[in-house]
Amino acid sequence: MQSKETSGTILVIGALGQIGSDLVVELRRRYGPDRVIAADIRPQPAHYQGQYLQLDALDLPAQLEVIRAHHITTIYNLAAILSARGEQDPLNAWRINMDGLLVTLEAMRITGINRLFWPSSIAVFGPGSPKLHTPQDSVMDPSTVYGISKLAGERWCAYYHEKYGVDVRSLRYPGLISYRAKPGGGTTDYAVDIFHHALRQDPYTCFLREDTLLPMMYMPDAIRATIDLMEADPASIRVRSSYNLAGMSFTPGEIFAEIRKLVPGLQTSFAPDFRQAIADSWPGSIDDSAARTDWGWEPSYDLAAMVADMLAQLEANQSFVVPAMGPGSSN
Ligand code: NAD
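Summarised in this report is the structure supplied together with it.

Rules of the game
Residues numbered from 1 in each chain as written. Predicted model: local features only at pLDDT ≥ 70, side-chain atom pairs only at ≥ 80, totals over all residues. Heavy atoms only, no water. Helix = DSSP H or I, 4+ residues; strand = E, 2+ residues; numbered from the N terminus. Buried < 20%, exposed > 50% of the residue type's maximum accessible area, 1.4 Å probe, protein only. Pairing = 2+ DSSP bridges. Contact = heavy atoms within 4.5 Å. Axes fitted to C-alpha atoms, helices over the stretch in contact; angles between N-to-C directions. Polar contact = N/O pair within 3.5 Å; in protein donor to acceptor, adjacent residues only side chain to side chain. Parallel < 35°, antiparallel > 145°, perpendicular 65-115°, else oblique. Left-handed = near helix turned anticlockwise from the far one by under 90°. Nonpolar A, V, L, I, M, F, W, Y, C, P; charged D, E, K, R; others polar.

Brief notes about unusual backbone geometry
Unusually for a residue other than glycine, His47 sits at a positive phi of about 70 degrees. Within the secondary structure, His47 is located in the loop between strand 2 (36-40) and strand 3 (52-54). Judged by relative accessible area, which is 77%, His47 ranks as exposed. For His71, which is not a glycine, the phi torsion comes out positive at approximately 55 degrees. By the secondary structure assignment, His71 is in the loop between helix 2 (60-69) and strand 4 (72-77).

Listed below in structure tokens is the structure:
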């Protein structure tokens, strides 16, 4: 049984980022533009279409006011500092990632509104976790402040569900590939950057080694997984920390070879930097059988289908690409 969004208003915090840019479009398409409010700490961009609020995820009184004034029933909280950027200022990343989640959990407890989506990441795993088909429950010893904050966040989500009945749902996203918004310097960003170089016929130097296997996913699959999870019957959600989620796994060498089938002559080289150590601490592939069993998850895109669609979309819509907020805005 599905529990669809039938009434009330949806608030998306961190809406201007890589995921929010696609999620808001799809939520508005499904539920109607009037029912989805986009919010971000940044001022409303020129030409932004639809309802928009400037909101700091760390500001509890402001969040309570928005919830009450706009009759919010569901929140997607995407605001965070991501992996590479987090390593540049660990205490700030901890503050934003933790307090940003706790403020929303508290706002939900205080107002009694119920449903929250909060994303976790494959970064919750670490060097001690099994590298391949990493299970839902295993050793978790993240070595980045980003991963530590995501693992702690998962435990807070489970705590608020258990103690206060907050209907919080979460996915451990792999690295996400998308065309609408450009990521800005994280550990998996190479898999987006390469497309822009390929279309401009620019040589590309990858910051990871050619054989670095990482779990990845095309954004349309990630958005569908997110909304499917949010629409699932509460009784079927057995994991209240965060679900493993898998799409595909590939190395830089493999995706460059796939792009070269459609863009012959693409030149690539490899110069690993500090992000190599982050990537080396993460799994190469993910076992997402709990998501498949509990709420019917199944990905649509493999590497070849994703590459073909990315190139076609970027070629057709160069104007899709909006600037990233800064380094580290992916995974
Ligand atoms: P992003 O960096 O592209 O976007 C984050 C957004 O949050 C930005 O628009 C930023 O302005 C906003 N923000 C930052 N601080 C804020 C604050 N205090 N108040 C309100 N807004 C604030 O990130 P993304 O790639 O869209 O990721 C969204 C979520 O998904 C994050 O929690 C991230 O950890 C998670 N995730 C992303 C990936 C990925 O590959 N993109 C993978 C795994 C998990």
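Brief notes about the environment of Ile10
Relative to the assigned elements, Ile10 resides in strand 1 (residues 9-13). Placed 159 residues apart in sequence, Ile10 and Arg169 show a C-alpha to C-alpha distance of 15 Å.

Thoughts on the sheet that holds strand 8 (residues 171-173)
One open sheet accounts for three strands, arranged 6-8-12; its pairing is parallel. Among the strands making up the open sheet, the edge pair consists of strand 6 (120-121) and strand 12 (243-244). Bridging between strand 8 and strand 12 involves two bridges; their strand directions are parallel. Considered in strand 12, the bridge of Arg172 is made with Asn244. In the packing of helix 7 (residues 219-231) onto the sheet, the strands contacted are strand 8 and strand 12, and the crossing angle to strand 8 comes to about 175 degrees.

Notes on the side chain of Ser129
Position of Ser129 among the secondary structure elements: in the loop between strand 6 and helix 5 (145-164). A distance of 2.7 Å separates a polar side-chain atom of Ser129 from the backbone oxygen of Val139. Filtering out sequence-adjacent residues up to four positions away, Ser129 remains in contact with Thr134, Ser138, Val139, Met140 and Asp141.

Brief notes about the packing of helix 4 (residues 90-111) against helix 5
Helix-helix packing: each pair is described by the crossing angle between the helix axes and the interaxial distance. Look at helix 4 against helix 5: their axes get within 10 Å of each other, and the N-to-C directions meet at 15 degrees. With respect to each other, helix 4 and helix 5 are oriented roughly parallel. Judged by the sense of rotation from one axis to the other, the crossing of helix 4 with helix 5 is right-handed. Together, Pro90, Ala93, Trp94, Asn97, Met98, Leu101, Leu102, Leu105, Glu106 and Arg109 of helix 4 and Val145, Tyr146, Ile148, Ser149, Ala152, Gly153, Trp156, Cys157, Tyr160 and Tyr164 of helix 5 make up the contact between the two elements. The class makeup of the residues in the contact of helix 4 with helix 5 is 15 nonpolar, three polar and two charged.

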